[in-house]
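# Close look at the chain arrangement
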Amino acid sequence: MNRTVICPGSFDPVTLGHIDIIGRAAAMFDRVIVAVLINSAKKPVFTVDERIRLLEKALVGLDNVEIRSFDGLLAEYARKTGADAVVRGLRAVSDFEYEFQMSLTNKKLNPELETIFLTSRAEYMFLSSSIVKQIAVLNGDITNFVPECIHDEIKNRLAGNI
Ligand code: ADP
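The paragraphs below set out a description of the structure included in this document. (Residues numbered from 1 in each chain as written. Predicted model: local features only at pLDDT ≥ 70, side-chain atom pairs only at ≥ 80, totals over all residues. Heavy atoms only, no water.)

### A closer look at helix H2 (residues 48-58)
What counts, and what does not: The rule is simple: take the accessible area with a 1.4 Å probe, protein chains only, and divide by the maximum for that residue type; under 20% is buried, over 50% is exposed, in between is partly exposed. Under the scheme used here, helices are H or I runs from DSSP no shorter than 4 residues and strands are E runs no shorter than 2 residues, and both carry numbers assigned from the N terminus. We call two residues in contact when some of their heavy atoms are within 4.5 Å.
Buried within H2 are the following residues: Val48, Glu50, Arg51, Ile52, Leu54, Leu55 and Ala58. Its buried side turned inward, H2 meets helix H1 (16-28), strand S2 (31-37), strand S3 (65-70) and helix H6 (148-158).

### Side note on unusual backbone geometry
Looking along the chain, the bond that leaves Asp12 and enters Pro13 is cis, with omega of -5 degrees. Among the structural elements, Pro13 can be located in the loop between strand S1 (4-9) and H1. Located in the positive-phi region is Phe11, a residue other than glycine, with phi close to 50 degrees. Here Asn139, not a glycine, exhibits a phi torsion of approximately 60 degrees, which is positive. Structurally, Asn139 can be placed in the loop between helix H5 (129-137) and H6. With relative accessibility at 54%, the residue Asn139 sits in the exposed group.

On their own, these measurements won't tell you what the molecule is for.
This is the structure:
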């Protein structure tokens, strides 16, 4: 059976935590759509095109992963793309309540859609795009938080961007 899953998110910018989750999904399913949310309530710093380009560079070699952008309801987007499930990463307990609510809401809107939660490696459990942005704007070291191939691009884009 051909299984497609969606990894949705803001990816503003992509971190090693995201890459860990996407890599796990790619190993478990036939096709992974990394869906970059266009109009995030989080007011992204990177444009959609920038976020997609960074993801493309960081995910080179994962042949069953596609990177796309989407807007509107995830439940509808999943229907349109024929996805079987949404994959979300769970970090600390703080993610749980929101994710639980989203998963139940998506199930109401699209009863065929499952949500699968994965955990990343322990060293990424605290990592978020906002932490990376906070460190980088203050010229701190983000080497351990983002893929090496896009490190300079993220750093230069954010340095002094307070
Ligand atoms: P959103 O704005 O939808 O939360 P994010 O870009 O912040 O999007 O995250 C996308 C997905 O990646 C979410 O499921 C999030 O929980 C997961 N994720 C992000 N960072 C990590 C991490 N360090 N470990 C595990 N999952 C993560």
